[in-house]
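One letter stands for each residue in the lines below.
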Amino acid sequence: MKKMSRYTRFSACVSAIALLTLSGCAVGPDFVSPSPPDVDRFTPEKLTSIGSSEKDKLRLELDASVPQRWWEAFRDEKLNKLIAAAIEHNPSIQAADAAIKIAYFNAEAQKGAFLPTAAFNSTNQYLQQNFVQNFQNGNPTNPTGDPTIPYKPYGLFLKQLSITYNIDIWGGNRRAVESLEAQTDQQRYQLEAVYLTLTSNVAAAAVFEASLRGQIAAIQRVIVIEKELLEILKNRLQVGSSSQADFFMQQTALGQAMQLLPPLEKQLAQQRDLLTALAGQYSTAQVPETFNLDHLQLPKTLPLTLPSTLVRQRPDIRASEANMHAAAAQIGVAIAARLPSLTLTPQLGYSAFDLAKIFVPASGFYVLAGSVAHTIFDGFALLNKQKAAEAGLVLADAQYRQSVILAFQNVADALRALQADTKAVKAARFTEESARKSLAIAKGQLKIGSISLIELLNAQQAYLTASVARVQAEGNRLADVVGLFMALGGGWKDANLRDLPLSEPGAPTNAQIETINGPVNSSWFPSFLD
C-alpha cells in the first residue's frame with residue numbers, strides 16, 4: 001500500500017473535521033411559525049358594508065387583497081406623485097435600509113465561524129547568543145554547527161501556517177447564525193413597517209390639509225355672506241330703519257368669523273411643512289402639491305382581508321415573529337455553551353538556519369493538535385444564561401400575541417370609525433343644507449325688515465358651524481379610510497427575505513446568496529416605485 005505523505009494526511013484530517021461538523025445536529029428548539037388565530041372576522045358581527053344609503057355606502061370586499069399602491073384608491077394624481085417622492089427621498093427609508101445591511105453583514109460575519117481561521121507567520125531572525133551551547137560529541141559549539149567559528153551571529157528562518165478550527169458539534173454556531181438571520185428578517189419587516197407608516201402619514205397629512213382648506217373655504221363663504229348682511233344693515237342705518245346696535249352686533253359676528261381663520265391658516269402652514277418634511281425636503285423647498293376634498297375621492301369598495309391573512313401581511317406582526325425566531329435560536333446557543341467544545345489547531349511550515357534551505361523537504365514540519373474544553377463549575381452562570389434565553393422566548397411569544405391582538409384592534413377600530421363617520425357625514429350634510437336654507441330665508445327677511453337681528457345672527461352661526469362640521473366629517477372619513485388601509489398592512493406581501501438589495505462594490509450577488517440560502521426573488525424590495 002502506498003504510504004500517505006504528511007500533507008496528504010494533514011488534508012485528510014481537515015476534511016474529516018469538516019464532515020464531522022456538517023453532520024452534527026443543532027441543540028435547542030426548532031422554530032415553527034405560530035398558527036393564525038382561529039377567527040374569521042374582526043368584529044362580533046360580520047360586516048359586508050358600512051352605511052345604509054346607496055350614496056354613502058362603503059362596500060367591504062371580504063377576503064380581498066389590499067392593493068400595493070392602496071393610496072391610488074383616492075384617485076388623486078398629486079397624492080400619488082407626493083408619495084412617490086416621499087418614498088424616494090425620505091431618510092427614514094434609507095435608515096431602515098442601512099439597518100438591514102448591518103444585520104445582514106453581522107449574520108454573514110457569524111457564518112465565518114463555520115470555516116477554519118488560517119494565519120500565516122513569517123519570522124526572520126538574525127541572532128548572536130554568546131552563551132548558547134549545543135553539545136556535539138561532548139564539545140560546546142555554536143548553533144551553526146561549525147566548531148571553527150564559535151559564537152558568530154546566525155540566522156533563524158520560520159515560515160508557518162496555523163489553522164484554528166472550532167468544531168460546531170452541538171450546532172451552537174448554527175443557532176447563532178439562525179438568530180442573526182432572524183434579526184435580519186426582523187429589520188426587513190421593520191423597513192416594510194417604516195414604508196407603510198410613511199405612506200400612511202403622507203396620505204393622512206394630505207387628507208388633513210384638504211380638510212383644513214375646506215374649513216377655511218367654508219368660513220370664507222360665511223364671511224362673504226356676513227359682509228353682505230353688514231352692508232344691508234349699513235344701508236338701513238343710513239335711512240334710519242335700523243339701529244347702531246344692530247349694525248355693531250353684525251359687525252361683531254363678522255369679526256368673530258374672521259377670528260376663526262388665523263388658527264386654521266397656521267395649521268395649514270404647519271401641515272405644508274409636515275408634507276415637505278415627509279417628502280424628504282427642507283422647509284425652504286415646499287412641495288408643490290396641494291390638496292382639496294373635491295379632488296380626493298372616497299373609495300366605494302374597500303378590501304377586508306381575513307384574519308388568518310392579516311397575520312402574514314402586517315409587517316409589525318412579522319417582525320414580532322422574527323424576534324421570536326431569534327429568541328428561540330438563542331436557546332440553542334445557550335445550551336451549546338454548556339456542552340464540551342472541541343478545537344483543532346493544525347500547523348505546518350518550514351524552519352531553517354539558512355534562508356536558502358528553508359523550503360527543502362527536510363526543513364518541513366507539521367503539528368496536528370486538538371483540545372477539548374468543558375466547564376465543570378461556573379457558579380451556574382451558563383445554566384442561568386440558558387434559563388434567561390428560555391425566558392426570552394416566553395417574552396417574545398407574549399409580544400407576538402400582543403402584536404396580533406393590537407392588529408385586530410386596529411382593524412376593528414378603523415371599521416367602527418368608518419361606521420360612525422358615515423353617520424356623521426350624513427347628519428352633517430343634512431344639517432348644513434338646512435342651515436343654508438334657513439340663512440337664505442333670514443337674508444331675504446332682513447331686506448324687508450321682517451326678522452330680528454338675533455334670529456339673523458343665530459342663522460349665521462348655525463350655518464357657519466354646520467359648514468365647518470360637514471368638512472370635518474368628510475375629512476375624518478377619508479382619514480379613517482387611510483387608517484383601515486394601514487391597519488390591514490397596506491398591501492405589503494411577504495417576499496423572499498433572503499434577497500438583500502446591495503449595490504456596493506464587492507457586495508455578494510444574488511447567486512452567491514443563493515448558495516447559502518436557496519433561490520432568491522430579485523424583487524423582494526417592495527417595488528416602491530414600480
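Anyway, here's the lowdown on the structure attached to this text. Keep in mind that this is a model prediction, so the values were computed, not measured.

## A look at the overall build of the protein
Inference 1: If you tally the helices and strands in the protein, you get 11 helices and 11 strands.
Inference 2: When the 530 residues of the protein are sorted by exposure, 40% land in the buried category.
Inference 3: For the protein, contacts bridging at least 24 residues in sequence account for 83% of all contacts bridging at least 6.
Inference 4: On the protein, roughly 27,700 Å² of surface is accessible, and the fraction owed to carbon and sulfur atoms is 58%.

## Here we look at the nonpolar core
Inference 1: Grouped together as the largest cluster of nonpolar side chains are 59 residues, with contacts concentrated most on W70, L79, V202, V411 and L415.
Inference 2: Per-element accounting of this core gives the leading share, 10 residues, to helix 4 (residues 172–238).
Inference 3: Filtering out sequence-adjacent residues up to four positions away, V202 remains in contact with L79, L82, I83, A86, L275 and L278.
Inference 4: Residues L229, L233, F247 and A257 belong to the second largest nonpolar core, which totals 29 residues.

## Comments concerning the packing of helix 8 (residues 315–337) against helix 9 (residues 381–448)
Two numbers describe a pair of packed helices, the interaxial angle and the distance between the axes.
Inference 1: Packing of helix 8 against helix 9 leaves a shortest axis separation of 8 Å and a crossing angle of 170°. In terms of their interaxial angle, helix 8 and helix 9 are classed as roughly antiparallel.
Inference 2: Classifying every residue of the contact of helix 8 with helix 9 gives 15 nonpolar, seven polar and four charged.

## Some points on the pattern of salt bridges
Two side chains carrying opposite charge are able to pair once their charged atoms lie near each other.
Inference 1: A full pass over the atoms with the stated rule returns 20 salt bridges.
Inference 2: In this structure, R213 and E209 form a salt bridge, with 3.0 Å as the shortest nitrogen-oxygen distance. With R213 and E209 both in helix 4 and four residues apart, this pair spans about one turn of that helix.
Inference 3: By relative accessible area, which is 0% here, E209 ends up buried.
Inference 4: Put simply, K443 and E228 hold a salt bridge, and the shortest N to O gap is 2.4 Å. Residue K443 is located in helix 9, and its partner E228 is located in helix 4; the two are separated by 215 residues in the primary sequence.
Inference 5: You can call K443 partly exposed: its relative accessible area is 23%.
Inference 6: For E228, a relative accessible area of 36% puts it in the partly exposed group.
Inference 7: Each of R429, E432, R470 and E474 takes part in salt bridges that share partners, so that together they form one network.

## Some thoughts on the environment of S92
Inference 1: Assignment of secondary structure puts S92 in helix 3 (residues 91–111).
Inference 2: Residues S92 and L191, spaced 99 residues apart in sequence, show a C-alpha to C-alpha distance of 8.8 Å.

## Focus on the layout of surface pockets
Inference 1: For the largest pocket, the calculated volume is near 430 Å³.
Inference 2: Taken together, 27 residues line the largest pocket, and the ones lying closest to its centre are N166, I167, D168, N173 and S341.
Inference 3: If you list the elements that add at least two residues to the lining of the largest pocket, you get strand 6 (154–167), helix 4, helix 8 and strand 8 (341–344).
Inference 4: The greatest single-element share of the lining of the largest pocket, amounting to four residues, is contributed by strand 6.
Inference 5: Considered class by class, the residues forming the lining of the largest pocket number 14 nonpolar, 11 polar and two charged.

## Re the sheet that holds strand 1 (residues 49–50)
Inference 1: Across the sheet, three strands lie side by side as 1-2-7; this open sheet has mixed pairing. The outermost strands of the open sheet, each flanked by one partner alone, are strand 1 and strand 7 (301–304).
Inference 2: Strand direction decides the pairing type here: strand 2 (residues 58–62) and strand 7, joined by four bridges, are parallel. Paired with L60 across the strands is L302, a residue of strand 7.

## A short note on the packing of aromatic side chains
Working definition: an aromatic ring pair is given by the centre-to-centre distance plus the angle between the planes.
Inference 1: Summed over all chains, the structure comprises six aromatic pairs.
Inference 2: The interplanar angle of 25° and the centroid separation of 5.4 Å between the aromatic rings of W70 and F485 together place this pair among those described as stacked. Here W70 is found in the loop between strand 2 and helix 2 (77–89), whereas its partner F485 is found in helix 10 (residues 453–487), with 415 residues between them in sequence.
Inference 3: Through pairs of rings, three or more aromatic residues link up here, namely W70, W71 and F485.

## A closer look at helix 6 (residues 261–278)
Inference 1: In this model, helix 6 (18 residues) spans 25 Å end to end at C-alpha, consistent with the 26 Å of a helix rising 1.5 Å per residue.
Inference 2: Three or more residues of helix 6 are buried, namely L261, L264, L268, Q271, R272, L275, T276 and L278. Down the axis of helix 6, the sector holding all buried residues measures 165°, keeping them to one side.
Inference 3: Elements that come into contact with the buried residues of helix 6 comprise helix 2, helix 4 and helix 5 (244–259).
Inference 4: Within two residues after helix 6, G280 carries a phi angle of roughly 75°, on the positive side.

## Notes on a nonpolar patch on the surface
Inference 1: A contiguous nonpolar surface patch, about 430 Å² in accessible area, is contributed by I376, F377 and F380.
Inference 2: Along the chain, F380 turns up in the loop between strand 11 (370–373) and helix 9.

## Considering the environment of F430
Inference 1: Within the element layout of this structure, F430 appears in helix 9.
Inference 2: Take F430: its relative accessible area is 61%, and that puts it in the exposed class.
Inference 3: Once the C-alpha coordinates of F430 and A466 are considered, the two residues, 36 residues apart in sequence, prove to be 9.0 Å apart.

## Digging into unusual backbone geometry
Note on backbone geometry: most residues besides glycine have negative phi, and most peptide bonds are trans.
Inference 1: Unusually for a residue other than glycine, D63 sits at a positive phi of about 60°.
Inference 2: Among the structural elements, D63 can be located in the loop between strand 2 and helix 2.
Inference 3: With a relative accessible area of 48%, D63 lands in the partly exposed category.
Inference 4: We note that R75 has phi near 55°; this positive angle belongs to a residue other than glycine.
Inference 5: Residue position: R75 is located in the loop between strand 2 and helix 2.

## Details of the packing of helix 2 against helix 4
Inference 1: In the contact formed by helix 2 and helix 4, the axes pass within 10 Å of each other and the chain directions differ by 145°. Between helix 2 and helix 4 the crossing geometry is right-handed. Packed against helix 2, whose contacting residues are L79, L82, I83, A86 and I87, the element helix 4 presents Y195, L198, T199, V202, A203 and A206 at the interface.
Inference 2: Residue composition of the contact of helix 2 with helix 4, by class: 10 nonpolar, one polar and no charged.

Conventions and cut-offs
Residues numbered from 1 in each chain as written. Predicted model: local features only at pLDDT ≥ 70, side-chain atom pairs only at ≥ 80, totals over all residues. Heavy atoms only, no water. Helix = DSSP H or I, 4+ residues; strand = E, 2+ residues; numbered from the N terminus. Buried < 20%, exposed > 50% of the residue type's maximum accessible area, 1.4 Å probe, protein only. Contact = heavy atoms within 4.5 Å. Areas by Shrake-Rupley, 256 points an atom, 1.4 Å probe, with all protein chains shown as cover. Core = buried A, V, L, I, M, F, W, Y, C linked by side-chain atoms within 4.5 Å. Axes fitted to C-alpha atoms, helices over the stretch in contact; angles between N-to-C directions. Parallel < 35°, antiparallel > 145°, perpendicular 65-115°, else oblique. Nonpolar A, V, L, I, M, F, W, Y, C, P; charged D, E, K, R; others polar. Salt bridge = Lys/Arg side-chain N within 4 Å of Asp/Glu carboxyl O. 1 Å grid on protein atoms, 1.4 Å probe; cavity = no way out; pocket = protein on both sides within 12 Å on 5 of 7 lines; lining within 4 Å. Points joined across faces, edges and corners; volume = space filled by probe spheres on them. Pairing = 2+ DSSP bridges. Phe/Tyr/Trp six-rings, centres within 6.5 Å; stacked < 30°, edge-to-face > 60°. Expected span 1.5 Å × (residues − 1). Arc of directions from axis to C-beta. Patch = residues over 30% accessible without salt bridge, like charges linked within 9 Å, V, L, I, M, F, W, Y side chains within 5 Å. Left-handed = near helix turned anticlockwise from the far one by under 90°.

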